[in-house]
Amino acid sequence: MITDEPAIWTQGLRKSYPGRGAALDGIDLAVPAGTVHGLLGPNGAGKTTTVRILATLASFDSGQAWVAGRNVARDRAGVRARIGIAGQYAAVDGVLSGRQNLEMFARLYRMRAREARARADELLERFDLVEAAGRPVRGYSGGMRRRLDLAVSLIRSPRVLFLDEPTTGLDPRSRLEVWDAVRELADSGTTVLLTTQYLEEADRLCSRITMVDRGRVVAEGTPAELKSSVGGRDLDEAFLLITEGA
Amino acid sequence: MTVSIDGGMTETVHGSRITWAMVDTWVVAKRHLLHLVHRPDELLGTLMIPVMAVAMFGFVFGEAFGVAMDVPGAEYREFLLPGLFALTMAFGIGNTTISVAEDVRGGVLDRMRSLPMSPVAVLAGRALADVILAVVELSILLALGTLFGWQAHLGLGGVIAALGLLVLLRMAFSWVGILLGLLVSGPEAAMKYFALVFPLAMVADTIVPTDLMPGWLALPAEWNPLSSTVIATRELFGNTAGPATTWVGEHALTMAVLWPVAIIAVCLPLAMARLRRLGR
């Protein structure tokens, strides 16, 4: 499903909070469809704000933003019908069971009751949650919870998936599971925008990376390009050099 | 773990916007009702308040209040029960506020906002759940009241009308709770402010008739939305209340409809505006 039109495109995205100054100070992004794109930066760099704006959860002051061919400012409903969001700011219900969560969100994605049940079964199976399906989510491990979160975001097979720090706080095994899922999604044509603080994660998953710091893009390219641009051996080094130079 | 993208991306949804808003509202309401099934202690906790109130005010203070009102204790309980029905509706605000504040904190509200669902249903689902819960609470209170010797004297029609007014009041308070839940900094804060429900519930014609209150208190008590509902329901149940001498008392039935409608008309749009602003 790779077309010329980027799945995510922003130009000069700006947003400031009263009294706190600019959170985003002109972010330009162009993410080709069917790729995994990393948004890398330290805490407070503007990663989450960018994702929240693109997912219609936050407004922006100026600039342009398009997701899956829809204008984010003018066609929120159109964007919402084409995206999925998972990670630190979009949660599942801790009191309900995994199955109840999936069925509820499927219903809210406008599926009929029977369709919602079938989709829940399918996703529970795929994310290895069948055994835990009837238990309240608050009893899940971090990895299980994150898998459920990911399953919920995939209910409607989104064209564009936002993953906001999807592996923060996970043990290494759960992290690998999430990575596998992201790769398979990308292989099947979903565009993924992933924010992370982990350079290894960006290096392994993303075809391109945008480095942000203090609301600005400080570098953009493939992991290999970013490494060679500063003559560094790994992305950690590249990241430190680039953000210090900015 | 295999992931595919065959979820059936149907572009066109069937039915009108209003139909979908109602379906979404029911789905969200069901979520809150399922919470009660998963955590029955919460429901029991909510029900304890009116049950204790019947016991405490009915029997501990009842005789003394009866003396002050110049009626026997049994007759005071007749006066008291409709007050406690309304009081229970007011105490529901606490649970609503805490639950909405938890959803803001936990991110469930954000997820719902990112869905192609009806925005008003995100909040209206909570109001619907509250109304359904109110019907359950009122049924239990009616049974309990009957056990204590309280009864409705004017037949089934009056009872149904009175219950309708109480449920309407709860719906209004539910929107107050939703708005507060969106405004407070978190569930802890919501719990701290819970004591504010007491003046709302008691500076009203609920437990003590307003004419036994000091003058400066009688005025706000008279104009407390609760008072209109309590006086109207006392009339509909045929419970002794003495002649209604105040303006609100004389127009209780009208006011018992107008107050909740006005509260919803103010709180619902404010809550929706606040929900939109959460993203700023």
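Residues numbered from 1 in each chain as written. Chains lettered and ligands numbered in written order. Predicted model: local features only at pLDDT ≥ 70, side-chain atom pairs only at ≥ 80, totals over all residues. Heavy atoms only, no water.

A. Quick look at the overall build of chain B. Within chain B, the regular secondary structure consists of 13 helices and 0 strands. Starting at the N terminus and walking to the C terminus, you meet the elements of chain B as α-α-α-α-α-α-α-α-α-α-α-α-α. Relative to a compact globule of 280 residues, whose C-alpha radius of gyration would be 19 Å, chain B shows 21 Å and is just as compact. With the C-alpha coordinates aligned to their principal axes, the bounding extent of chain B is approximately 75 × 35 × 35 Å. Every one of the 280 residues in chain B was classed for burial, and the buried ones make up 51%. Look at the contacts in chain B between residues 6 or more apart in sequence, and 83% of them connect residues 24 or more apart. Split by element, the accessible area of chain B, about 12,400 Å² in all, is 71% carbon and sulfur. The centroid of the 16 positive side-chain charges in chain B is displaced by 14 Å from the centroid of its 20 negative side-chain charges. (Helix = DSSP H or I, 4+ residues; strand = E, 2+ residues; numbered from the N terminus. Rg over C-alpha atoms; globule rule 2.2 N^0.38 Å. Buried < 20%, exposed > 50% of the residue type's maximum accessible area, 1.4 Å probe, protein only. Contact = heavy atoms within 4.5 Å. Areas by Shrake-Rupley, 256 points an atom, 1.4 Å probe, with all protein chains shown as cover. Lys, Arg positive; Asp, Glu negative; His and termini not counted. Charge placed at Lys NZ, Arg CZ, Asp CG, Glu CD.)

B. Broad picture of the overall build of chain A. Counting its secondary structure elements, chain A contains 9 helices and 10 strands. C-alpha extents for chain A along the principal axes are approximately 55 × 40 × 40 Å. Taking all 246 residues of chain A together, the buried fraction comes to 59%. A separation threshold of at least 6 residues defines the contact pool for chain A, and within that pool the share at least 24 residues apart is 63%. Entry remark: accessible area of chain A is about 10,000 Å², with carbon and sulfur atoms responsible for 47%. Mean positive and mean negative side-chain charge positions of chain A (34 and 32 charges, respectively) differ by 8 Å.

C. Spatial organisation of the interface of chain B and chain A. Across the boundary between the two partners, chain B contributes 38 residues, which contact 52 residues of chain A. Between chain B and chain A, roughly 4,100 Å² of surface is buried when both sides are summed, and carbon and sulfur atoms account for 56% of that area. Across the pair Arg52 of chain A and Asp110 of chain B runs a salt bridge whose closest N-O atoms are separated by 2.6 Å. Between the two partners, chain B and chain A, sit 11 residue pairs in polar contact (both at pLDDT 80 or more). At 9 residues, the largest contribution of residues to the side of chain B that touches chain A is made by helix 1 (residues 17–38) of chain B. When the residues that make up the side of chain B that touches chain A are grouped by side-chain class, the tally is 16 nonpolar, 13 polar and 9 charged. (Buried area = accessible area lost by both parts, 1.4 Å probe. Salt bridge = Lys/Arg side-chain N within 4 Å of Asp/Glu carboxyl O. Polar contact = N/O pair within 3.5 Å; in protein donor to acceptor, adjacent residues only side chain to side chain. Nonpolar A, V, L, I, M, F, W, Y, C, P; charged D, E, K, R; others polar.)

D. Representation of the packing of aromatic side chains. All chains considered together, the criterion is met by 10 aromatic pairs over all chains. Summarising the aromatic geometry, the rings of Phe91 of chain B and Phe194 of chain B are spaced 6.0 Å apart at their centres and angled 45° between planes, so their arrangement reads as tilted. In this pair, Phe91 of chain B sits in helix 4 (residues 73–106) while Phe194 of chain B sits in the loop between helix 8 (187–192) and helix 9 (197–202), placing the two residues 103 residues apart along the sequence. Relative to Phe237 of chain B, the ring of Trp150 of chain B lies with its centre 5.0 Å away and its plane at 85°, an arrangement referred to as edge-to-face. Here Phe237 of chain B lies in helix 11 (residues 225–237) and Trp150 of chain B lies in the loop between helix 6 (119–147) and helix 7 (155–183), a separation of 87 residues in the sequence. For the pair Trp150 of chain B and Phe237 of chain B, a shared accessibility class is recorded, and that class is buried. Joined through ring pairs, the aromatic side chains of Phe57, Phe61, Phe65, Tyr76 and Phe79 of chain B make up one cluster. Between the NZ or CZ atom of Arg175 of chain A and the centre of the ring of Tyr198 of chain A, over which it lies, the distance is 4.3 Å. (Phe/Tyr/Trp six-rings, centres within 6.5 Å; stacked < 30°, edge-to-face > 60°. Lys NZ or Arg CZ within 6 Å of the ring centre and 35° of its normal.)

E. Fine view of the packing of helix 7 of chain B against helix 11 of chain B. All names here are of chain B. Remark: helix 7 packs on helix 11, axes separated minimally by 8 Å, with the N-to-C direction vectors making an angle of 165°. For the element pair helix 7 / helix 11, the angle class is roughly antiparallel. Classified by chirality, the crossing of helix 11 by helix 7 is left-handed. For the pair formed by helix 7 and helix 11, the contact residues are Gly158, Val159, Ala161, Ala162, Leu165, Leu166, Leu169 and Phe173 on the first element and Pro225, Leu226, Thr229, Ala232, Thr233, Leu236 and Phe237 on the second. In terms of residue class, the contact of helix 7 with helix 11 is built from 12 nonpolar, 3 polar and no charged. (Axes fitted to C-alpha atoms, helices over the stretch in contact; angles between N-to-C directions. Parallel < 35°, antiparallel > 145°, perpendicular 65-115°, else oblique. Left-handed = near helix turned anticlockwise from the far one by under 90°.)

F. Quick look at the pairing of strand 7 (residues 160–164) of chain A. Residues and elements named next belong to chain A. For strand 7, the tally of buried residues reaches 5 of 5 residues, placing the bulk of the element in the interior. Of the two faces of strand 7, both are covered, the one formed by Val160, Phe162 and Asp164 as well as the one formed by Leu161 and Leu163. Here strand 7 runs beside strand 8 (residues 191–196); their pairing, made up of 5 bridges, is parallel. Residue pairing in the sheet places Leu163 in a bridge with Leu194 of strand 8. Remark: the strand 7/helix 6 (residues 172–187)/strand 8 crossover connection has right-handed handedness. (Pairing = 2+ DSSP bridges. Right-handed = clockwise from strand over helix to strand, strands pointing away.)

G. Focus on the sheet that holds strand 4 (residues 62–67) of chain A. Residues and elements named next belong to chain A. Pairing in this open sheet of 4 strands is antiparallel, and the strands run 2-1-4-5 from one edge to the other. Two strands in the sheet have a free side with no partner beyond their single neighbour: strand 2 (21–32) and strand 5 (70–71). Here strand 1 (residues 6–17) pairs with strand 4 via 5 bridges, running antiparallel. Bridge pairing in strand 4 links Thr10 to Ala65. Of the strands in this sheet, strand 1, strand 2 and strand 4 are in contact with helix 1 (residues 47–54), which crosses strand 2 at around 65°.

H. A nonpolar patch on the surface, seen in detail. Residues Met48, Met52, Met56, Val60 and Phe61 of chain B make up a contiguous nonpolar surface patch of about 460 Å² in total accessible area. Positionally, Met52 of chain B belongs in helix 2 (residues 40–60). (Patch = residues over 30% accessible without salt bridge, like charges linked within 9 Å, V, L, I, M, F, W, Y side chains within 5 Å.)

I. The arrangement of unusual backbone geometry in detail. Residues and elements named next belong to chain A. For Ala68, which is not glycine, the phi torsion reads 50° and is therefore positive. The exposure class assigned to Ala68 is buried, which follows from its relative accessible area of 9%. We note that Glu165 has phi near 45°; this positive angle belongs to a residue other than glycine. Of note, Glu165 is situated in the loop between strand 7 and helix 6. On the basis of relative accessible area, Glu165 is assigned to the buried category, the value being 5%.

J. Expanded view of the side chain of Arg119 of chain A. All names here are of chain A. With respect to the element layout, Arg119 can be found in helix 4 (residues 113–126). The exposure class of Arg119 is buried, given its relative accessible area of 3%. Within polar-contact distance, the side chain of Arg119 engages the backbone oxygen of Leu154 at 2.9 Å.

K. The environment of Gly62 of chain B, seen in detail. Residues and elements named next belong to chain B. Mapped onto the secondary structure, Gly62 falls in helix 3 (residues 62–69). Taking C-alpha positions, Gly62 is 6.9 Å from Arg77, a pair spaced 15 residues apart along the chain. Ignoring anything within four residues of it in the chain, the contact list for Gly62 reads Phe57, Gly73 and Tyr76.

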